[in-house]
Amino acid sequence: MLVEMLLPVVRLQWVSLLTLYFAFGGFIIFLYGFFPLKYHGGSDSAWEDLPTKIGDIGVDAKKLYVRNHTRTVLMVIDALRYDFMSEKYMPYTAGLIKDGKACLYKAQAEPPTVTMPRIKSTVLKQDKAQWRRTVNLWRDVFAMTTGSISNFIDVALNFGSSAVTEDSFINQAKYNKRTLVFYGDDTWLRLFPNSFMRSDGTTSFYVSDFTEVDLNVTRHLPKELSPAKPDWDLMILHYLGLDHIGHLEGPSSPKVFPKMLEMDNVVEMIMNASRKWDEETILIICGDHGMKDSGSHGGASHSEIIVPLVLTQNKGCSPTHPSEVDQIDLAPTLSYLLSVPFPGGSTGQILPQILTKNGDLLSKESLYTLHYNAKMNVDALIKILGEEEAYKKECYKQYLSAVKHHADWLDPTKTGSSKMAAGLYRSSLNNMSHYLTKSIVEFDMFAIVLGIFTIFATFLCQILITIVTYKSEDDTNSNKMYHFNRSNLQTRLIMMCVAVCISCSLFTVVCGVSQTESSLCKVNIVSLSGAGMIIAILATNFVIIRNIRNNIKNIGEMWILNAIEVFLIVGTIVQPVTYGGTSFIEEEHQIWYFFWTTVTFLTLAYTAKVLLDYYRKKSENATEVQDKESLSAKMDKTAKTLWPQWMLLMMLHRFLRTLNQTGDKWAFLPDAGDWLTKDENIEILSLFSIAALFSTIAICQNNLQTTLIPYKTNCVLIIAATLCIFLYRVTIQSIHIPFYGYLDFNENYIVRVFWVVILIIILIEIWSSKQYIEKEIKSVVSVESRSSNPTKVTYVGENYAFGAKNHQKYNVPGQVDSSSSFLLSSIHTEVSFRMKLMKSRTNVFINVMMLVCSLYLRPHNLILVPSICITSKIVNRILDHKFDSILPTYKEKSSRKNVFCKTLFHIWMGSLFYFYQGNSNSLASVDIGSGYIGLDSYIPPVIALQMGIHTYTGPILSSFLLFGNLVQENNQWDKFLVRIKENLAIVSTHRMFVLLVYTIVSSILRYHLFVWTVISPKLLFEFTSTFFTMATMLIMMVFCCTVLWQERLASSSKTKNVKTKSDTRNFED
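Quick caveat: nothing in here was measured; it's all calculated off a predicted structure. (Residues numbered from 1 in each chain as written. Predicted model: local features only at pLDDT ≥ 70, side-chain atom pairs only at ≥ 80, totals over all residues. Heavy atoms only, no water.)

Q: I'd like a description of the overall build of the chain, backed by residues and values.
A: When its secondary structure is counted, the chain shows 38 helices and 15 strands. Classification of the 1069 residues of the chain by burial places 58% in the buried group. A separation of at least 24 residues holds for 79% of the contacts in the chain among residues at least 6 apart in sequence. A total accessible area of about 43,500 Å² is found for the chain, and carbon and sulfur atoms account for 60% of it. (Helix = DSSP H or I, 4+ residues; strand = E, 2+ residues; numbered from the N terminus. Buried < 20%, exposed > 50% of the residue type's maximum accessible area, 1.4 Å probe, protein only. Contact = heavy atoms within 4.5 Å. Areas by Shrake-Rupley, 256 points an atom, 1.4 Å probe, with all protein chains shown as cover.)

Q: I'd like to hear about the packing of helix α36 (residues 953-969) against helix α37 (residues 973-1004), residue by residue, with values.
A: For the pair α36 and α37, the least separation of the axes is 9 Å and the interaxial angle reads 155 degrees. The orientation of α36 with respect to α37, classified from their angle, is roughly antiparallel. Once α36 is placed against α37, the crossing between them reads as right-handed. Facing α36, whose interface residues are L962, F963, L966 and V967, α37 presents F976, R979, I980 and N983. For the contact of α36 with α37, the residue count by class is six nonpolar, one polar and one charged. (Axes fitted to C-alpha atoms, helices over the stretch in contact; angles between N-to-C directions. Parallel < 35°, antiparallel > 145°, perpendicular 65-115°, else oblique. Left-handed = near helix turned anticlockwise from the far one by under 90°. Nonpolar A, V, L, I, M, F, W, Y, C, P; charged D, E, K, R; others polar.)

Q: Mind laying out unusual backbone geometry, listing which residues take part and the relevant values?
A: Positive phi values are uncommon outside glycine, yet N194 reaches one of about 60 degrees. Within the fold, N194 resides in the loop between α8 (187-191) and β8 (198-202). By relative accessible area, which is 72% here, N194 ends up exposed. Of note in this structure, S339 is not a glycine but carries a positive phi near 55 degrees. Mapped onto the secondary structure, S339 falls in the loop between α14 (330-337) and α15 (352-355).

Q: An account of the sheet that holds β8 is needed here, citing residue identities and associated values.
A: A sheet is described by the order of its strands in space; here eight strands give the open sequence β8-β7-β9-β4-β10-β11-β5-β12, paired in mixed fashion. Looking at the sheet topology across the chains shown, the edges are occupied by β8 and β12 (324-326). Adjacent strand axes in the sheet meet at a mean angle of 20 degrees, parallel and antiparallel pairs treated alike. Sheet topology note: the strand β4 (residues 71-77)/strand β10 (residues 281-286) ladder contains six bridges and is parallel. (Pairing = 2+ DSSP bridges.)

Q: Which residues make up the environment of F601, and what are the values?
A: Relative to the assigned elements, F601 resides in helix α26 (residues 588-619). Relative accessible area serves as the criterion here: at 49%, F601 is assigned to the partly exposed category. A sequence separation of 49 residues divides F601 from M650, and the C-alpha atoms of the two residues are 9.1 Å apart.

Q: Account for helix α11 (residues 241-249), naming residues and giving values.
A: Of all the nine residues making up α11, seven are buried; the element is thus mostly covered by neighbouring parts of the structure. Looking at the packing, one finds that the buried side of α11 touches β4, α9 (212-218), β9 (234-239) and α12 (256-274). Where α11 terminates, the next one or two residues include G250, which has phi positive at roughly 90 degrees.

Q: Got a sec to walk through helix α18 (residues 394-410)? Specific residues and values, please.
A: The terminal C-alpha atoms of α18, which comprises 17 residues, lie 24 Å apart, in line with the 24 Å expected from a rise of 1.5 Å per residue. Listed in full, the buried residues belonging to α18 are C395, Y396, Q398, Y399, A402, V403, H406, A407 and D408. (Expected span 1.5 Å × (residues − 1).)

Q: Lay out the pattern of salt bridges with the relevant residues and their values.
A: Opposite charge on two side chains permits them to pair, given that their charged atoms come into close proximity. A full pass over the atoms with the stated rule returns 16 salt bridges. The salt bridge involving D231 is made with R198; its shortest N-O contact spans 3.0 Å. One end of the pair, D231, is in the loop between α10 (221-225) and β9; the other, R198, is in strand β8, with 33 residues separating them in the sequence. Take D231: its relative accessible area is 43%, and that puts it in the partly exposed class. What makes R198 partly exposed here is its relative accessible area of 25%. Residue E982 pairs with R979 through a salt bridge whose shortest N-O separation is 2.9 Å. One end of the pair is E982 and the other is R979, both in helix α37 and three residues apart, which spans about a single turn. For the pair E982 and R979, one class covers both residues: buried. (Salt bridge = Lys/Arg side-chain N within 4 Å of Asp/Glu carboxyl O.)

Q: Pulling in residues and values, what's your account of empty space enclosed by the protein?
A: A full pass over the atoms with the stated rule returns six cavities of 30 Å³ or more. By volume, the largest cavity amounts to about 560 Å³. Lining the largest cavity are 33 residues, and of these S911, P955, R991, S1025 and T1029 lie nearest its centre. Among the elements of the structure, α26, α34 (891-916), α36, α37 and α38 (1011-1068) are those that each provide at least two residues to the lining of the largest cavity. Broken down by element, the lining of the largest cavity gets its largest block of residues, nine residues, from α38. Residue classes in the lining of the largest cavity are distributed as 16 nonpolar, 13 polar and four charged. (1 Å grid on protein atoms, 1.4 Å probe; cavity = no way out; pocket = protein on both sides within 12 Å on 5 of 7 lines; lining within 4 Å. Points joined across faces, edges and corners; volume = space filled by probe spheres on them.)

Q: Break down the pairing of β9 for me, with residues and values.
A: Most of β9 is tucked away, with six of its six residues classed as buried. What you see with β9 is no split at all: L234, I236 and H238 on one side and M235, L237 and Y239 on the other are buried throughout. Examined bridge by bridge, β4 and β9 share six bridges and lie parallel to one another. Residue pairing across strands places V76 opposite H238, the latter belonging to β9.

Q: Talk me through the environment of T989; I want residue IDs and the actual numbers.
A: With respect to the element layout, T989 can be found in helix α37. The class of T989 is buried, set by a relative accessible area of 13%. T989 sits 525 residues away from L464 along the chain, and the two C-alpha atoms are 10.0 Å apart. Once residues within four sequence positions are removed from consideration, T989 is found in contact with F459, Q462, I463 and T466.

Q: Before we move on, could you go through the packing of helix α16 (residues 364-385) against α18 and cite the residues and values that matter?
A: Following both chains from N to C, one finds α16 and α18 inclined at 150 degrees, their axes separated by 11 Å at the closest point. Considering the angle they form, α16 stands roughly antiparallel to α18. Where α16 crosses over α18, the two elements pack in a sense that is left-handed. Where α16 approaches α18, its residues K364, L367, Y368, H371, A374, K375, V378, L381 and I382 are matched on the opposing element by C395, Y396, Y399, V403, H406, W409 and L410.

Q: Quick rundown of the packing of aromatic side chains? Include the residues and the values.
A: Within this structure, the stated rule accounts for 38 aromatic pairs. An angle of 50 degrees between the planes, with centres 4.9 Å apart, marks the rings of F84 and Y89 as tilted. Accessibility expressed as a relative area gives 2% for F84, which makes it buried. The buried category is assigned to Y89, whose relative accessible area is 15%. Pairing Y593 with Y916 gives two aromatic rings, centres 5.9 Å apart and planes at 25 degrees, and the pair type is stacked. Taken as a pair, Y593 in helix α26 and Y916 in helix α34 lie far apart in primary sequence, 323 residues in all. Judged on exposure class, the residue Y593 and its partner Y916 are both buried. Through successive ring pairs, a cluster of aromatic residues spans F845, F960, F963, W973, F976 and F1039. Directly above the aromatic system of W232 lies the positively charged group of R71, at a separation of 5.9 Å from the ring centroid. The ring of Y82 has K106 lying over it, and the distance from NZ or CZ to the ring centre is 5.4 Å. (Phe/Tyr/Trp six-rings, centres within 6.5 Å; stacked < 30°, edge-to-face > 60°. Lys NZ or Arg CZ within 6 Å of the ring centre and 35° of its normal.)

Following this line, the structure appears as structure tokens:
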């Protein structure tokens, strides 16, 4: 019964949500093709792979490829910036470099600069034809351990990774019986289980821990360093404290200096212990990535990708060494230090200082190691290009020349230059390494094109739906365009089957004709899932278009657009097109700032014109404005409030855009948020936050006027929730109050109390709705007793099965018709019963979302919550007094145009506040700390949800504020459904258009220099934005369905009671 009741609403009123889900499916197919997940195949390296000939000269590989030492320490300091390696922060280490006892390199990390990609990598294997795409990232390995770069999709799964199965120096060490110990980031233990003799992992995601996370690493050092002859060959230490400080407080935090001194003391401890050992010991200190001035990372700025790499040796460091290396060079270097084969997919090159013996790089062992290193890269180059194409590369020719000089030098009968051979090896290695890292990506063009086509087909379908939605002459007829007659169900099922068969045939033909190697055309779980989703999407689009084709034939006259509407449409179309330039992606906020300023000015000008036209007609005694007191009062009020409202709108924009600098080129400039968050201004920040919270309370209390919850109860709960937000910020010392010393709260407990209060608000709303429904039913249902016929329940209601109003009287023996409404009776003349429930429920939910967003926002951003509510209210008021509504012929069109304009305005407003918050199209702007609010442990789904709500606070609140406005403006259920349908049609069309344009742009620019640093992050943001857009639309649908559901439950219960009483009276008679 419930499904029968809800399906019409889901099927007819929310078809735009369905098409958006289809477009999202096409976008997933596109992402599958655009982001090269991983190629896998081939085997790991082995001793047998070491070259036994150089030219025609035979050599003993095991004698030449050997390192006479047994101790190596790799110390990884997470988020270590290059400028932190100085006498100020690390005096002892800087002294070693200054005295020539250590070498300092600039190591470049490939973006994205997040922990997992710095650790993960891909591998080149076997022939190109045998490579297969894997849809999971279990094959990913550490970039530091495999010697090859990772790809961008690793960011999406940075919060949980499985064991690595690809070759790495850790795997090689394990196979060759080397002894490893590890302490630090437990990501290593997940990627390399059972690889360490001793280990102790610390979680890398609890970012509020600055101290214990590192002390748990250092506490193991005394027992590992104290023996005169340690039992390990390699000890890996991964410290996380600096990264956590950066995420929460930035590199300028006063906590950075003592943290770096702590790391420096660890270096001194290791060096002092190593001097007591007989064997040569090498300590390598490096960062996996740096950090921006804001403390985040994930982009390609200099401070994010340039990290220090310090190499210390007992024998000292030669001053003649290259100052710049790649981070992937660690894998072959550590393999050599462990005397194990290089990882099979390594494209890095061994650090030259490691090969130096007494300042000599020209020994037989050193040249052989260079040859081995170069030959591995040459083999990978040939597998990608083929030998004929590889020979055309200069780096391959350099390698052949190096081999010739090397062989001549080994041959006593010939004269060869070892110096020339070493130089050529180095040059070819450098060129090949860079080429291979750039060639490691291969796009699945079949999936890319198919994804774009799916989005395009769905977009066309949605365009038709939107046109039909807005072309209808009246509200009731507009609901008929999706009317599925139940008598034709068999015909429509046959139509769907035919569409599926046609789609399957086309898909099979395209796969066969194109002869593509795409995984979508292979028989496996991935291909079947992807192909099934595409076929279902295309078939459903066909049925939808077939169903509304008759309405498309007579579109009729479209609107007459004014300047505001024209600019909104043009701006909405032009903005995604600007993504064709990477600078416009990086500085997207500038476009939105310009558009917003322009459209608000046009709104002011147009509204002033409306007022002037009205007063001119009034002075001329025009008939269309005479004897209309309500219109006169509305225009007089508008004339008085227009200028103040417009000024408030512009002042808010001017202030909020300076709150957080964003983008890329000018993000480093100081802003109001930087000034407020300074320690000396914490009192001002506290007052600023308190004012923002009070403003939020005031707006929430204003929303309570239309809720069913008792006003005083709701006020107390809202104040309690706001107090929890305030106490949480005080507890974590984000803001300051004078009597803080008397408070001793656990921040996580406070957050849990907050969620309990929110839950109470929701439960009270449900209970109040139930009470209200039961009260209303008593005034609707009547029983005709003492009749010779079976008991009849008589009521007057409205049939909303398809959204159309159909007043009629029902007489149902013993029960109530399941397709009819019980509660929308003729006695409710002003506001329908359902709309009273919707108004209450929507306002309660808006209040809840405002409080939740306030919990996640940083203190200086709390003002954004009341600001977006004020902005929405002003926009709605300005757009409500169109001059068109004065003319009777434009009355209906004016209401539709208002929904159209308000929808686009709120879409723009959501994007505007997204950038006000300090967000950008760089991963570095994502506030990871917000995901851990209220958590004691690492829970990925909760963390992802909280981070998403924080990041998209502006778009989420904007969507629900528009929904709330549509609810408040409509007093009848059928008109409300029409308005919502019109709103969702525009939202879905806009989102699909953005996806379509950006997927086309991304595919065209897939080989652009900034494909991983600019274009790819934006794809992930569009994915997340579309997800939250669908989530908000789904919540709106659930709201409508729960109103019907509560009505049905209460009505069924009441009907049974009425029938029982009637039966009792009949029995007594």
